[in-house]
Amino acid sequence: MEGTNPVNKKLGAALSGGAVLVLALSGCSSSSADDKNDALDSWAKQVCNAVQPQAKKIEAANAAIQKQTSDNSTPSAVQKTDAQAFQDMADAYKAIGSAVDGAGAPNVDNGKKKQQDAVKELNGLSTSYASLKKKVDGLDTKDQGKFADGLKDIATQLDKLSRTGNDALKNLEEGDVGRAMAQQPSCKSASAPASAPATQG
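Computed from a predicted structure; not experimentally measured. Throughout this document, residue positions are counted from 1 along each chain, in the order its sequence is written. At least 70 in pLDDT is required for a residue's local features to be given in this predicted model, at least 80 for side-chain atom pairs to be given and counted, and no such filter applies to totals for whole chains, interfaces and linings, which use all residues. Hydrogen atoms and water are omitted, and side-chain values are computed over all heavy atoms in the structure.

Student: Please provide a residue-by-residue account of the overall build of the protein, values included.
Tutor: Helix and strand counts for the protein come out as 8 helices and 0 strands. Where helices and strands are cited, they refer to DSSP runs of H or I of at least four residues and of E of at least two residues respectively, numbered from the N terminus. Put simply, the protein runs from its N terminus to its C terminus through helices and strands in the order α-α-α-α-α-α-α-α. Think of it in three bands: with a 1.4 Å probe and only protein chains considered, a residue is buried below 20% of the maximum accessible area for its type, exposed above 50%, and partly exposed in between. Scored against the burial criterion, the 201 residues of the protein give a buried share of 45%. Accessible area of the protein: about 9800 Å², with a carbon and sulfur share of 50%. All accessibility values rest on the Shrake-Rupley procedure with a 1.4 Å probe; residue burial counts only the protein chains present in the view.

Structure (structure tokens):
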């Protein structure tokens with residue numbers, strides 16, 4: 001029967017916005033600079049190499065939830081898939097935060113503050129997804145009505161999460177940092193999936 005899971009669809013729509021967050025750190029800037037800054041290039045390479053596998057993990061988690069969205073899956077199947085996806089996202093954002101932290105401050109004005117703000121933001125995202133995972137785990141799969149209400153609440157939180165919380169990342173990757181990251185092959189491939197439809201109203 002068509003449309004038995006409208007809440008799933010809402011969850012999928014909210015989630016496609018979440019995928020955009022990591023791409024802020026995936027060297028999406030297309031401009032390139034000829035002025036050589038070896039320290040910054042080295043920093044960008046270290047971060048991009050760490051971001052790439054995590055960006056793929058987040059993309060795969062998104063795809064898993066999107067697939068459940070299009071299938072008329074049972075509540076328990078949705079719960080299992082969503083919980084795993086949120087756990088993967090929490091792990092991925094935590095790993096990216098660690099990578100940015102471990103790379104040190106980029107060699108730009110205010111680099112230390114930008115780096116620390118981005119790490120804080122990434123760790124916050126990780127915590128938020130871990131909390132969503134707990135919420136999904138706690139849903140009542142035996143009562144379809146309650147389950148749908150619970151999912152609706154999660155979709156609302158996810159939507160909010162996807163609309164906020166990447167200012168520090170954007171701030172970190174503007175200017176010279178963004179240009180250095182844009183030149184890294186691993187960042188180019190990490191940002192390739194940016195074509196995911198994020199049609200938010």
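Student: Would you mind going over the pattern of salt bridges in detail, with residue names and values included?
Tutor: The salt bridge criterion pairs a side-chain nitrogen of Lys or Arg with a carboxyl oxygen of Asp or Glu, the two atoms within 4 Å. A full pass over the atoms with the stated rule returns 4 salt bridges. For Glu-174, the salt bridge identified is with Lys-114, shortest N-O distance 3.5 Å. Taken together, the residues span a long stretch of sequence, with Glu-174 in the loop between α6 (167–172) and α7 (175–182) and Lys-114 in helix α4 (residues 111–137) at a distance of 60 residues. Overall, Lys-114 belongs to the buried group, its relative accessible area being 15%.

Student: Describe the confidence of the model for the protein, with residues and values.
Tutor: Close inspection of predicted coordinates is inappropriate for parts of the model with low pLDDT. Scored between 0 and 100, pLDDT is the confidence that the predictor attaches to each residue. Of all residues in the protein, 74% have pLDDT values of 70 or greater, and the mean over the chain is 79. Contacts are assigned to residue pairs that have any heavy atoms within 4.5 Å of one another. Note on residues 27–35: pLDDT is under 50 here. Beyond four places in sequence and across chains, it has 17 contacts.

Student: How would you explain the packing of aromatic side chains if you had to name every residue and give the values?
Tutor: Here a pair means two rings of Phe, Tyr or Trp (six-membered ring of Trp) with centres within 6.5 Å. Their orientation is stacked below 30 degrees between planes, edge-to-face above 60, and tilted elsewhere. Tallying each qualifying case throughout the model produces 2 aromatic pairs. Ring plane angle 10° and centroid distance 5.5 Å describe the contact between Tyr-93 and Tyr-129, whose orientation is recorded as stacked. One end of the pair, Tyr-93, is in helix α3 (residues 75–103); the other, Tyr-129, is in helix α4, with 36 residues separating them in the sequence. Accessibility assignment for this pair places Tyr-93 and Tyr-129 in one class, buried. Among the aromatic side chains, those forming a connected cluster through ring pairs are Phe-86, Tyr-93 and Tyr-129.

Student: Can you break down unusual backbone geometry residue by residue, with the values?
Tutor: With a phi angle near 65°, Asn-110 is a residue other than glycine that sits in the positive phi range. On the secondary structure map, Asn-110 appears in the loop between α3 and α4.

Student: Let's hear about the nonpolar core: which residues, and what values?
Tutor: Among buried residues, those of type Ala, Val, Leu, Ile, Met, Phe, Trp, Tyr and Cys that are joined through side-chain atoms within 4.5 Å constitute a nonpolar core. By size, the foremost hydrophobic cluster in this structure holds 40 residues, and its most contacted members are Trp-43, Val-47, Phe-86, Val-100, Tyr-129, Leu-132 and Met-181. Secondary structure elements with two or more residues in this core: α2 (38–70), α3, α4, α5 (144–163), α6 and α7. Per-element tally for this core: the top contributor is α3, with 11 residues.

Student: Provide a residue-level description of the packing of α3 against α4, including the pertinent values.
Tutor: Lines are fitted to the C-alpha atoms to define the axes, a helix being fitted only along its stretch in contact, and any angle between axes, read from their N-to-C directions, falls within 0 to 180 degrees. Where α3 meets α4, the closest approach of the two axes is 8 Å, and the angle between their N-to-C directions is 165°. Relative to α4, the element α3 lies roughly antiparallel. You can see that α3 and α4 cross each other, and the crossing is left-handed. Roughly parallel means an angle under 35 degrees; roughly antiparallel means over 145; roughly perpendicular covers 65 to 115; every other angle is labelled oblique. Left-handed describes a crossing whose near helix is turned anticlockwise from the far helix by less than a right angle; the clockwise case is right-handed.

Student: Which residues make up α5, and what values go with them?
Tutor: Since the α-helix turns once every 3.6 residues, residues separated by three or four places project in the same direction. How far a helix is expected to stretch is found by multiplying one less than its residue total by 1.5 Å. With 20 residues, α5 extends 28 Å between its outermost C-alpha atoms, agreeing within 8% with the 28 Å of an ideal straight helix rising 1.5 Å per residue. Every buried residue of α5 is listed here: Phe-147, Gly-150, Leu-151, Ile-154, Ala-155, Leu-158, Leu-161 and Ser-162. Taken around the axis of α5, the buried residues stretch over an arc of 145°, which confines them to a single face. Projecting away from the buried face of α5 at angles above 90 degrees are the exposed residues Lys-146 and Lys-160. Polar contact is defined as a pair of N or O atoms within 3.5 Å, subject to the rule that within protein one atom must be able to donate a hydrogen and the other to accept it, and that residues adjacent in sequence are counted only when both atoms are side-chain atoms. The residue sitting at the N-terminus of α5 and contributing the capping side-chain oxygen is Asp-143; that oxygen lies 3.0 Å from the backbone nitrogen of Gly-145. What the arc covers is the set of directions going from the helix axis to the C-beta atoms.

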